[in-house]
Amino acid sequence: MHSKIWKSLICILVPVLIILLPAPSGLAAGAWKLFAVYVGAILGLMLRPFPEPVVLLAAISISSLMLNNISVILGGYANSVTWLVFAAFMVGTAFVETGLGRRIAYLLIGKLGRSSLGLGYVAAFTDLALSPATPSNTARTGGIVYPIIRSVAVTLDSEPGPSSRRIGAYLTLTLYQVCLTTGYIFMTALSPNLLMVSFAASILKVQVDWMMWFKAAVVPGMTILLLIPWVVYKLYPPELTAIDNKALAAKGIAELGPMSRREKVLAVLFVLAILGWATGTITKFDATAIAVCFLSAALIGGVVTWKSLVGSEGAWTILIWYGGIIGLADGLAKAKFFDWMAKLIANNFSFSGYSEVVILGALLFFSLIIRYFFASMAAYVTTMIPVFFTIGLVAQVSPVPLIFLICFSAAYGSLLTHYGGAAGAVLFAPGYVDQVTWWKVGAVIVAISYVVNMGIGLPYWKLIGLW
């Protein structure tokens with residue numbers, strides 16, 4: 001209780017202190033007050049004295065009273081990005097309810113799981129297959145994939161403790177590295193991706209659609225994804241090597257029974273959604289419209305019921321706080337706050353004499369180092385992404401490589417610790433892997449990701465004409 005009170009006081013007193021200070025030269029008083037509320041919201045997301053929706057509703061109400069114009073802040077709920085992540089989050093519920101996610105995993109185990117390394121790739125491909133329609137790796141990895149992977153480990157006599165190194169530790173560690181790599185291969189695989197796209201539009205004036213993101217991410221992302229099971233296998237090898245995968249897969253599929261009509265309909269809708277997102281530049285169909293159509297078709301087709309979706313707490317939670325934070329950020333952009341911050345940086349720092357690649361590499365490196373100080377990807381994104389985008393704008397680097405280098409690192413940077421994202425807490429909690437090993441292996445994968453994105457990503461983006 002005392003902790004909650006202190007956290008609440010910090011979230012209140014810091015914004016009040018900012019408001020009491022005079023607005024800096026060149027910045028309107030209204031923009032300064034809105035910035036104070038934004039800081040309070042960020043502190044609320046980091047300290048969590050209340051759930052995220054409560055924090056953002058409070059920020060919306062206070063900023064609306066200050067500006068005497070609630071429509072400015074509520075504009076975040078009219079933003080298509082908010083509804084894209086909401087619809088995709090809802091669709092992810094269908095994969096759990098129908099059992100299609102589990103079926104995909106067992107089918108892959110039957111095909112690829114003859115060895116521990118093969119099971120590592122099963123974890124990778126299962127998470128990858130589900131990621132386009134599940135913008136939460138906590139729900140996707142923690143709720144669908146990891147329970148299957150852990151049950152496989154237990155079946156193979158690997159429990160947390162003395163038998164963890166038999167195979168459970170390897171699979172757990174591999175899956176964590178995987179989920180934050182698949183998390184940036186598709187724009188709809190992590191909800192913060194969509195928030196960063198919104199920042200890119202408001203600060204850098206670059207519109208990133210689903211297909212543009214995928215084209216940029218597929219080569220560096222898939223390169224790293226294919227390396228992860230093997231690298232973790234070398235760094236932290238399991239004791240067990242050969243697996244009777246056919247028996248495991250047959251048992252799992254037998255428990256699921258024959259493929260139901262709901263699974264078949266969901267599979268067809270999922271393929272159609274992927275095709276719709278992938279061909280958006282040709283058909284001109286909006287990604288959000290496709291996601292909403294996917295959701296409505298799943299409801300009409302009986303894949304899920306409205307009652308079950310109403311009970312999806314995660315989706316409604318993310319709708320409230322996501323729309324709120326986007327509304328605050330858009331309000332800051334309209335109040336010219338980011339323009340003022342860019343001028344402030346330009347007047348105090350010089351980037352002359354440094355090549356574009358050096359500046360991009362330095363920004364990317366710093367974006368990763370500071371991740372040790374953030375216990376939430378959402379808090380990092382809302383706090384630091386506008387700053388990095390603004391610095392890049394001042395340094396006059398090409399905006400597209402800046403966007404993708406920084407956005408992708410927001411996901412894989414979480415690998416540095418076990419608290420960098422909610423999925424880390426879910427996978428670390430059982431106790432298969434000690435903290436030192438978790439951090440060491442994560443640091444290696446982050447270093448590889450840095451090199452691949454700078455060494456392969458940049459030339460590849462240049463080759464396909466993204467910059």
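Trainee: If you had to explain the overall build of the protein chain to someone new, which residues and values would you point to?
Mentor: Within the protein chain, the secondary structure is distributed over 23 helices and zero strands. C-alpha extents for the protein chain along the principal axes are approximately 70 × 55 × 50 Å. In the protein chain, buried positions account for 56% of the 467 residues. Here the contacts in the protein chain between residues at least 6 apart in sequence split such that 80% fall between residues at least 24 apart. By element, 70% of the accessible surface of the protein chain is carried by carbon and sulfur atoms, the whole surface being about 18,900 Å². Averaging the locations of the 28 positively and 16 negatively charged side chains of the protein chain gives two centres separated by 3 Å.

Trainee: Account for the environment of Gly 431, with residues named and values stated.
Mentor: With respect to the helices, strands and loops of the structure, Gly 431 is situated in the loop between helix 22 (422-428) and helix 23 (435-463). For the pair Gly 431 and Val 292, spaced 139 residues apart in sequence, the C-alpha separation works out to 39 Å. Apart from the residues lying within four places of it in its own chain, the contact partners of Gly 431 are Pro 160 and Gly 161.

Trainee: Can you explain the pattern of salt bridges? Please cite residues and give values.
Mentor: Side chains bearing opposite charge may pair, as long as their charged atoms lie close to each other. Summed over all chains, the structure comprises four salt bridges. Arg 48 is paired through a salt bridge with Glu 52; the nearest N and O atoms lie 3.1 Å apart. On the basis of relative accessibility, which here comes to 44%, the residue Arg 48 falls in the partly exposed class. With a shortest N-O distance of 2.6 Å, Arg 103 and Glu 263 are connected by a salt bridge. With Arg 103 in helix 6 (residues 100-112) and Glu 263 in helix 13 (residues 261-278), this pair connects stretches of sequence that are 160 residues apart. The burial state of Arg 103 is the same as that of Glu 263; both residues are buried.

Trainee: Tell me about the side chain of Glu 263, residues and numbers included.
Mentor: The exposure class assigned to Glu 263 is buried, which follows from its relative accessible area of 2%. Within the structure, the side chain of Glu 263 is placed 3.1 Å from the backbone nitrogen of Ser 260, a separation counted as a polar contact. In contact with Glu 263, other than residues within four places in its own chain, are Thr 98, Gly 99, Leu 100, Arg 103 and Pro 258.

Trainee: Quick rundown of unusual backbone geometry? Include the residues and the values.
Mentor: A positive phi angle is found at Arg 48, which is not glycine, with a value near 55 degrees. Among the structural elements, Arg 48 can be located in the loop between helix 2 (29-47) and helix 3 (52-67). In this model, Gln 396 sits at a positive phi of 60 degrees, which is unusual for a non-glycine residue. The residue Gln 396 is located in the loop between helix 20 (377-395) and helix 21 (399-412) in this model. Take Gln 396: its relative accessible area is 70%, and that puts it in the exposed class.

Trainee: Help me get a handle on the packing of aromatic side chains, residues and values and all.
Mentor: On inspection of all chains with the given rule, the structure shows 20 aromatic pairs. Ring centres of Tyr 121 and Phe 125 lie 6.1 Å apart, and the angle between their planes is 35 degrees; on these two criteria the pair is classed as tilted. Remark: Phe 125 and Tyr 121 occur in helix 7 (residues 116-130); sequence separation between them is four residues, near one turn of the helix. Classification of Phe 125 by relative accessible area gives partly exposed; the value is 26%. Each member of the aromatic cluster is reached from another via a ring pair, and the members are Tyr 184, Trp 213, Phe 404, Phe 408, Tyr 412 and Trp 461. One cation-aromatic arrangement involves Arg 165 over Tyr 236; the distance from NZ or CZ to the ring centre is 3.8 Å.

Trainee: Residues and numbers for the packing of helix 19 (residues 356-369) against helix 20, please.
Mentor: Two elements in contact, helix 19 and helix 20, have axes separated by 11 Å at closest approach and are oriented at 165 degrees. Put simply, helix 19 runs roughly antiparallel to helix 20. Handedness of the crossing formed by helix 19 with helix 20: right-handed. Here helix 19 contributes Ile 359, Leu 363, Phe 366 and Ser 367 to the contact with helix 20, which in turn contributes Tyr 380, Phe 388, Ile 391, Gly 392 and Ala 395.

Trainee: Lay out helix 12 (residues 245-256) with the relevant residues and their values.
Mentor: Between its terminal C-alpha atoms helix 12 stretches 17 Å, which fits the 16 Å expected from twelve residues at 1.5 Å a residue. Among all positions in helix 12, only Asn 245, Leu 248, Ala 249 and Gly 252 are buried. Viewed end-on, helix 12 has its buried residues packed into an arc of 95 degrees, placing them on one side of the element. Turned more than 90 degrees away from the buried face of helix 12, the exposed residues are Lys 246 and Ala 254. In this fold, the buried residues of helix 12 make contact with helix 6 and helix 8 (137-155). Directly after helix 12, the chain includes Gly 257, whose backbone phi takes a positive value near 85 degrees.

Trainee: Residue-level account of the environment of Ser 163, with values.
Mentor: Tracing the sequence through the fold places Ser 163 in the loop between helix 8 and helix 9 (168-185). Overall, Ser 163 belongs to the partly exposed group, its relative accessible area being 23%. Setting aside residues no more than four positions away along its own chain, Ser 163 makes contact with Asp 157 and Ser 158.

Reading guide: rules and limits
Residues numbered from 1 in each chain as written. Predicted model: local features only at pLDDT ≥ 70, side-chain atom pairs only at ≥ 80, totals over all residues. Heavy atoms only, no water. Helix = DSSP H or I, 4+ residues; strand = E, 2+ residues; numbered from the N terminus. Buried < 20%, exposed > 50% of the residue type's maximum accessible area, 1.4 Å probe, protein only. Contact = heavy atoms within 4.5 Å. Areas by Shrake-Rupley, 256 points an atom, 1.4 Å probe, with all protein chains shown as cover. Lys, Arg positive; Asp, Glu negative; His and termini not counted. Charge placed at Lys NZ, Arg CZ, Asp CG, Glu CD. Salt bridge = Lys/Arg side-chain N within 4 Å of Asp/Glu carboxyl O. Polar contact = N/O pair within 3.5 Å; in protein donor to acceptor, adjacent residues only side chain to side chain. Phe/Tyr/Trp six-rings, centres within 6.5 Å; stacked < 30°, edge-to-face > 60°. Lys NZ or Arg CZ within 6 Å of the ring centre and 35° of its normal. Axes fitted to C-alpha atoms, helices over the stretch in contact; angles between N-to-C directions. Parallel < 35°, antiparallel > 145°, perpendicular 65-115°, else oblique. Left-handed = near helix turned anticlockwise from the far one by under 90°. Expected span 1.5 Å × (residues − 1). Arc of directions from axis to C-beta.

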